[in-house]
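Listed below are the residues making up each chain.
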Amino acid sequence: MSSLFFILGLTFLLLHEMDAVRCREWRILPVTAFLSDRTGFVVFMVLHIPLYFFGFLALTGAYGTGVAETTAFWLSIFFIVHLVLHILFLRHPENEFVSFSSWIWIVGMAIFGGLYLLA
């Protein structure tokens, strides 16, 4: 059952990342906030290639036994930390994560990450 919680958390993360493009999240990230929208979009997208590639590779167990479980554990912690970061950046002038659906993805991943860690 706990793996289902993790998969749901990961699903909500991927939905959030699609929403992050719509909300131009690069505008509030300290490492990309100074970039133009065009450049920020490209950098934001390109940075997700290694994140997704190595994350999915680790989750398949391609690196050996136990790596998938360790990756799921740390990603679940990230799901919760990610919610805290969005709360901290709530008043950022470029923050566009104001819709109900945006917060469903953010809070949902934290809830399922927490359930995974507790199960």
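Structure: above.
Participant: Any chance you could explain the packing of aromatic side chains here in plain terms?
Facilitator: Two numbers describe a pair of aromatic rings. These are the distance of the centres and the angle of the planes. Tallied over the entire structure, the rule returns nine aromatic pairs. Ring centres of F6 and F79 lie 6.0 Å apart, and the angle between their planes is 15 degrees; on these two criteria the pair is classed as stacked. Residue F6 is found in helix 1 (residues 2–22), and its partner F79 is found in helix 3 (residues 67–88); the two are separated by 73 residues along the sequence. In terms of burial, F6 and F79 fall into one category: buried. Plain terms: the ring middles of W26 and F41 are 5.8 Å apart, the flat faces sit at 70 degrees to each other, and that makes the pair edge-to-face. Of this pair, W26 sits in the loop between helix 1 and helix 2 (37–59) while F41 sits in helix 2, placing them 15 residues apart in sequence. Residue W26 is classed as buried on the basis of its relative accessible area, which comes to 4%. Through a chain of ring-to-ring contacts, the aromatic side chains of F6, F79 and Y116 assemble into a single cluster.

Participant: So what exactly am I meant to see when it comes to unusual backbone geometry here?
Facilitator: Excluding glycine, residues mostly have negative phi values, and the peptide bonds linking residues are mostly trans. One non-glycine residue, R24, adopts positive backbone phi at about 50 degrees. Turning to its location among the elements, R24 is positioned in the loop between helix 1 and helix 2. R24 sits in the partly exposed class, given a relative accessible area of 29%.

Participant: Just checking my understanding: could you explain the layout of surface pockets for this structure?
Facilitator: Left-over empty space is what a probe sized like a water molecule reveals as it rolls over the atoms. There is about 580 Å³ of room inside the largest pocket. Along the wall of the largest pocket there are 27 residues; nearest its centre are L13, E17, H48, L51 and F78. Sorting the residues of the lining of the largest pocket by element identifies helix 1, helix 2 and helix 3 as the ones contributing at least two each. Its residues placed into classes, the lining of the largest pocket shows 19 nonpolar, six polar and two charged.

Participant: Please clarify how the environment of R91 should be interpreted in this entry.
Facilitator: Its place among the elements puts R91 in the loop between helix 3 and helix 4 (100–118). Since its relative accessible area comes to 82%, R91 is described here as exposed. Between the C-alpha atoms of R91 and C23, which are 68 residues apart in sequence, the distance is 14 Å.

Participant: It is not clear to me how the environment of S36 should be interpreted in this structure. Could you clarify?
Facilitator: Topologically, S36 is positioned in the loop between helix 1 and helix 2. For S36, a relative accessible area of 42% gives the class partly exposed. Distance from S36 to H16, taken between C-alpha atoms, is 22 Å for residues 20 residues apart in sequence.

About the criteria used
- Residues numbered from 1 in each chain as written.
- Predicted model: local features only at pLDDT ≥ 70, side-chain atom pairs only at ≥ 80, totals over all residues.
- Heavy atoms only, no water.
- Phe/Tyr/Trp six-rings, centres within 6.5 Å; stacked < 30°, edge-to-face > 60°.
- Helix = DSSP H or I, 4+ residues; strand = E, 2+ residues; numbered from the N terminus.
- Buried < 20%, exposed > 50% of the residue type's maximum accessible area, 1.4 Å probe, protein only.
- 1 Å grid on protein atoms, 1.4 Å probe; cavity = no way out; pocket = protein on both sides within 12 Å on 5 of 7 lines; lining within 4 Å.
- Points joined across faces, edges and corners; volume = space filled by probe spheres on them.
- Nonpolar A, V, L, I, M, F, W, Y, C, P; charged D, E, K, R; others polar.

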